[in-house]
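# Working through the structure, step by step
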Amino acid sequence: MSTATAIKHDVTWQPLCHQADLVAFSGVAAWLETAEGPAQVALFYVPGHETELFAVDNHDPLGGANVIARGIVGDVKGEPVVASPLYKQHFRLCDGVCVEDPDARLRHWPVRIAGERVEIGLRG
Amino acid sequence: MNKQRLIIIGNGMVGHHLVEQLIERHATDRFDIRIFGEERHPAYDRVHLSEYFAGRDARSLAMGEVGFYDANPVTLHLCEAVTGIDRDNGEVVTDRGRYPYDSLVLATGSYPFVPPIAGAEAGQPNRLVYRTLDDLDTIRAAAADARRGVVVGGGLLGLEAANALKSLGLEAHVVEFAPRLMPVQLDDQGGTALRDKIEKLGVGVHLDRATTEIVPGEDYRYRMHFKDGESLETDLIVFSAGIRPQDALARQCKLEIGERGGIVIDDQCRTSDPEIFAIGECALWSNRIFGLVAPGYTMARNVADALCSEAGDEQPTFTGADMSTKLKLLGVDVGSIGDAHGATEGARSYRYNDETTGIYRRLVVSADGKRAIGAVLVGDNAAYDTLLQYVQNGIELPADPASLILPSVEGAPTLGADALPETASICSCHNVTKGAICAAIDAGATDLGAVKAETKASTGCGGCAALLKSVVDSELEARGVEVDQSICEHFAHTRQALYSIVRVEGIRTFSELIEKHGASQGHGLGCDICKPAVASILASCFNEPITDAAHVPLQDTNDTFMANMQKNGTYSVVPRIPGGEITPAKLRVLGEVGEKYGLYTKITGGQRVDLFGARLEQLPDIWSELIAAGFETGHAYGKATRTVKSCVGSTWCRYGVQDSVGMAIHLENRYKGLRSPHKLKFAVSGCTRECAEAQSKDVGVIATEHGWNLYVCGNGGMRPRHAELFATDLDDQTLIRYIDRFLMFYVRTADRLQRTSVWRENLEGGLDYLKAVVIDDSLGLAEELESQMRHVIDSYECEWANALDDPEKLKRFRSFVNDQRPDPDIIVTEERGQLRPA
Ligand SMILES: Cc1cc2nc3c(=O)[nH]c(=O)nc-3n(C[C@H](O)[C@H](O)[C@H](O)COP(=O)(O)OP(=O)(O)OC[C@H]3O[C@@H](n4cnc5c(N)ncnc54)[C@H](O)[C@@H]3O)c2cc1C
Ligand code: SF4
Ligand code: FES
């Protein structure tokens, strides 16, 4: 069973914010309550790209501050990334892995747009 | 056909080079080649011998590829010294046998000279020298439990040896017979400058000292006695008092020898016996020995040509060699070019001597003052390449030759590669001219690596690397070969090219630009390199608010939120205070805002107030209050005009001759909001006392009795650079016209994130060119540059005021789009009565 199908079966979708809160080709931060405690989510909206919406942790593990949503969105060889605004490391939007330092990674969540709403997928 | 027998004696740098040259010419088809070396190691790079103490081993110092002699049909005899030459029978004699030759080449190099000193006779254990790998092993062993080491001889090699002793952890001293260091290459002042530098590094320098005797010491192993009665104790002594050509074999077989040693050779490098050549440091040409590797290589090439030529071919000739040298001795730059001593009839000199920094430069020019013929550099070799080209190619000097050695030319552009003639020697180690480089490029070498492989340029001492690169780049460019200067993977263009595209095609958004001109047509999101660069170009050209929807994703976080992000994710706020002039009432507002929002306040170097610690969602409120009190944004977050610092000037100061504050405010209001490749700082001083430090700014203005002097391209910060005087005694209008043109020319032609100082250093043609463009309008651009500036000024709008008027834009200033709370992880603590990140 592949991971993708695992997610499809195991997640519950929870509303997070409005589509209008998103900024095209850029990021915003959202507050998320989960069973394990609160989290800050950085949402990146890339209209026209094969995946249009990404959710990763807003906390920059290398800079130690909650700033990821305020980084520049771009791509490295076609792979969407965000550059941390503090020290400019690049994190892949699809899985949160840091390009320069693969040991550093951001949490990431499935997200989708449902009507006007942005929903985030949580396990269990 | 029977092969000819060719024997080479000496497997040093030059002997080895000869073998390489012969193989390149396929000489092994015609010759059986044997080469004898008395050392244990196959030829190694003696020039970099000292790196042996810095961790390189014999293998990595070896010349040529590993296994070179196994891979080629050449017989190498190591550890086999030639003991005699039997010219009558045409044989070479060693302990192991006799080897017949048809042609013979002597490449026996030289040996270190040890002065006749009682107690340092041959065989004494304290008689150390610095020439071979084995010598270095012996020195290392002797240094094992030594504290102090002395080098006898303060020449080039002696100083290298002193450095080696230092690197072995010894207290190092240099004892020199002459009254100055490096007497051959330097003049008195150069020698003094070098001495000062070296003493500062903790190396003892003893000049004018002739050693008479070495006896056992009391505190150290030995005591050296000098002629003047002084003495010095030491554990170890290395002799480096000059080299002598290794001509023993030649003497013994009665070849002609020079009066003071050296095997006499003619222009074909033939000795008095036409079957026998001599090359390298053992050879005496025109009564001169060449103690550098490059002339030896030239001789080797000539001999290879001569051996491979057919009867009737023109014979190559050796015509002497340039003895210019560029070195780092004990970390100190030293350069000596051509006639360093000004010995040529009628020669005149320019000298620059800075005793504070220990930088000394001397330029020797011909009697008519038109050509450079020599130079001495100590403490800084930045000017070496340029001066060498002037000397070697007889390029006519600029109107003011002194400018070549004055500090303002520090890091000045090398003579533009275009200006060099085809015959200019680019790499003297391998005798590669600019013409040869062009030929290699025309034959298909399309990058630096290929040119190096093809011509060998820059594979010797490496001193020519920078010059080679600039020649290759400019030649490739001249041939229309794309030198890859793409700013990132998304655009195969330079910033300058993107700037022109944007202007010419009137492109107003990033998406249009990447669609039409991106590297992967239509795909790609851009990145944190190209997006801010394009944002800056668009702003310089059209000056639309950076917070507009099309532009906002391009900006760095600082521009996006119009504040400077600090390490905990909060921002600092810097309102503009033009010229640093502020009313008490406005100052009070800053205090009140700081207090109300709990901001840490600090005065900046640019005469403003910086308020730290504002959270994202507080920024709009803070700015509403500031704007209500009459403040505007200060662009401290942008690559843009920052501040115009000023002194109080003639309104208050007893010395002031113009209203510097008035001018500063005028300039700041004129250029505020101008976005550029990097930040721009200005200053205006009210008189020559220069209290505003205008000469460290991108644009500096200093008042004179008659108007204003304009300085440009200065910089403080990491790489300070003094601004250069650009124009004098200007009236207000002319001053502003020149600054308009200067700034826009910079915006148009500079690289991404290139300050004016670096831009200026890379500007071909230098300051004179810049003056021609700005003052004389040599490109016919002046009107366009001024009108572009006019557009930027006319379209100025405070970005914060613009954003506060637009609820859509304000939505960005929320810590969370779905929650009102501030970021709970921002924690502060108190220090010296203010808040700071915990
Ligand atoms: C520490 C140091 C730093 C230097 N720095 C520079 C520099 O920065 N720039 C520069 O241009 N030059 C520099 N030089 C000088 C440069 O190394 C010489 O110019 C170059 O090595 C000369 O080459 P050569 O082949 O003539 O002599 P060598 O390299 O000395 O080779 C001669 C070889 O012949 C062998 N030999 C002699 N007699 C016999 C015999 N009878 N039988 C068999 N073999 C024999 C010797 O053992 C030796 O290996 C430096 C030299 C030293 C020692
Ligand atoms: S630069 Fe001149 S005018 Fe300005 S404060 Fe100093 S002394 Fe006074
Ligand atoms: S000058 Fe020595 S490598 Fe070119």
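Residues numbered from 1 in each chain as written. Chains lettered and ligands numbered in written order. Predicted model: local features only at pLDDT ≥ 70, side-chain atom pairs only at ≥ 80, totals over all residues. Heavy atoms only, no water.

## Regarding the site of ligand 2
What surrounds ligand 2 is the set C647, G649, C653, Y655, G656, G686, C687, R689, E690 and C691 of chain B. Grouping the constituent residues of the shell around ligand 2 by class yields five nonpolar, three polar and two charged. (Near = heavy atom within 4 Å. Nonpolar A, V, L, I, M, F, W, Y, C, P; charged D, E, K, R; others polar.)

## Here we look at the confidence of the model for chain A
For chain A, the mean per-residue pLDDT works out to 87, and 92% of the residues sit at or above 70. Between residues 1–7 of chain A, whose pLDDT stays under 50, and residues either more than four places distant or in other chains, the model counts three contacts. (pLDDT = per-residue confidence, 0-100. Contact = heavy atoms within 4.5 Å.)

## Remarks on the interface of chain A and chain B
Contacts between the two partners involve 34 residues from chain A, matched on the other side by 35 residues from chain B. Summed over both partners, the interface of chain A with chain B buries about 2600 Å², with 54% contributed by carbon and sulfur atoms. When residues of chain A are sorted by the area they lose upon contact with chain B, W31, R70 and I72 of chain A head the list and together hold 30% of the total. Where chain A touches chain B, the interface holds three salt bridges. In this structure, R821 of chain B and E33 of chain A form a salt bridge, with 3.7 Å as the shortest nitrogen-oxygen distance. Here chain A is connected to chain B by 18 residue pairs in polar contact (both at pLDDT 80 or more). Residue assignment for the side of chain A that touches chain B shows that the elements contributing at least two residues are β1 (11–18), β2 (26–34), β6 (65–66), β7 (72–76) and β8 (79–83) of chain A. Tallying contributions element by element places β2 of chain A first for the side of chain A that touches chain B, with seven residues. In terms of residue class, the side of chain A that touches chain B is made up of 20 nonpolar, eight polar and six charged. (Buried area = accessible area lost by both parts, 1.4 Å probe. Salt bridge = Lys/Arg side-chain N within 4 Å of Asp/Glu carboxyl O. Polar contact = N/O pair within 3.5 Å; in protein donor to acceptor, adjacent residues only side chain to side chain. Helix = DSSP H or I, 4+ residues; strand = E, 2+ residues; numbered from the N terminus.)

## Describing helix α19 (residues 660–671) of chain B
Residues and elements named next belong to chain B. Over its twelve residues, α19 extends 16 Å from the first C-alpha to the last, a length consistent with the 16 Å expected when each residue adds 1.5 Å. Within α19, nine of the twelve residues are buried, which leaves it mostly tucked inside the rest of the structure. Burial in α19 covers these residues: S660, V661, M663, A664, I665, L667, E668, R670 and Y671. Here α19 starts with a cap whose side-chain oxygen sits 3.4 Å from the backbone nitrogen of V661, and that cap is D659. Of the residues trailing α19, G673 is marked for its positive phi of about 90 degrees. (Expected span 1.5 Å × (residues − 1). Buried < 20%, exposed > 50% of the residue type's maximum accessible area, 1.4 Å probe, protein only.)

## As for helix α20 (residues 732–749) of chain B
With 18 residues, α20 of chain B ought to run about 26 Å at 1.5 Å a step, and its terminal C-alpha atoms sit 26 Å apart, in line with that. Among the 18 residues of α20 of chain B, 14 are classified as buried, and the element is accordingly described as predominantly covered.

## Considerations on the pairing of β2 of chain A
β2 of chain A sits mainly inside the fold: seven of its nine residues count as buried. Linkage of β2 of chain A to strand β3 (residues 37–45) of chain A, two consecutive antiparallel strands, is achieved through a turn of two residues. (Pairing = 2+ DSSP bridges.)

## Considerations on the pairing of strand β15 (residues 231–234) of chain B
Residue and element names in this part refer to chain B. As defined by bridge partners, strand β14 (residues 222–226) adjoins β15 across four bridges and the pair is classed as antiparallel. By the bridge assignment for β15, H225 is matched with S231. Linkage of β14 to β15, two consecutive antiparallel strands, is achieved through a turn of four residues, within which G229 is found at a positive phi near 95 degrees.

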